[in-house]
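# Structural characterization, general
Single-letter residue listing:
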Amino acid sequence: MSLHLSPPAFLNKICLRADPEDLATRLAALPRPMVFTNGVFDILHPGHVRYLAQARSLGASLVMGLNSDASARLLGKGPDRPLNRELDRACVLAA
């Protein structure tokens, strides 16, 4: 017997390297006021969780920019960073 599970709904929130027109359409559909924040979020910790919860509470929707792996390396956090790849970090944040 094969069990087929649908992809989790949070995957629809992720727009990595999205087409600018698609991104504009998706942003226009979000409830206002919209709050924006960004970061690497490489190693998610309680400080991140508090910060993101507070940011989300400031508006009807939260849009997050996520540093690319290349951008994260340029921040000088260490030679082995980011520990988690961009798509993995996006999935954790979207969920």
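The structure this text deals with has already been given above.
It should be emphasised that the depicted structure is a prediction, and the values quoted were computed from it without experimental measurement. (Residues numbered from 1 in each chain as written. Predicted model: local features only at pLDDT ≥ 70, side-chain atom pairs only at ≥ 80, totals over all residues. Heavy atoms only, no water.)

## A few points about the pattern of salt bridges
So the rule is basically this: Salt bridges are defined as contacts in which a side-chain nitrogen from Lys or Arg sits within 4 Å of a carboxyl oxygen from Asp or Glu. Note on conventions: DSSP H or I runs of at least 4 residues are helices, E runs of at least 2 residues are strands, and numbering of each starts at the N terminus. Each residue is placed in one exposure class: buried if its accessible area under a 1.4 Å probe, protein chains only, is under 20% of its type's maximum, exposed if it is over 50%, and partly exposed if it falls in between.
Taken as a whole and judged by the stated rule, the model has 4 salt bridges. Across the pair glutamate 86 and arginine 17 runs a salt bridge whose closest N-O atoms are separated by 2.9 Å. Of the two residues, glutamate 86 sits in helix 4 (residues 86–94) while arginine 17 sits in the segment before helix 1 (20–28), which places them 69 residues apart along the sequence. Judged by its relative accessible area of 66%, arginine 17 is exposed. The closest approach of N and O atoms between aspartate 69 and arginine 89, which form a salt bridge, is 2.6 Å. Highlighted residues: aspartate 69 in helix 3 (residues 69–74) and arginine 89 in helix 4, separated in sequence by 20 residues. Each member of the pair aspartate 69 and arginine 89 is classed as buried.

## Here's the deal with helix 2 (residues 46–57)
Short version of the rule: Expected span of a helix, by definition, is 1.5 Å for each gap between consecutive residues, and there is one gap fewer than residues. Starting at the helix axis, one direction is taken to each C-beta atom, and the arc is that of these directions. Working rule for contacts: check all heavy atoms of both residues, and any pair within 4.5 Å makes them a contact.
Between the first and last C-alpha of helix 2 there are 16 Å, a value that for 12 residues agrees with the 16 Å anticipated at 1.5 Å per step. Burial in helix 2 covers these residues: His48, Leu52 and Ala55. Each buried residue of helix 2 lies within a common arc of 60° when the element is viewed along its axis, so the set occupies one face. Across from the buried face of helix 2, at angles greater than 90 degrees, the exposed residues are Pro46, Arg50, Gln54 and Ser57. Buried positions along helix 2 lie against strand 1 (34–39), strand 2 (61–66) and helix 4.

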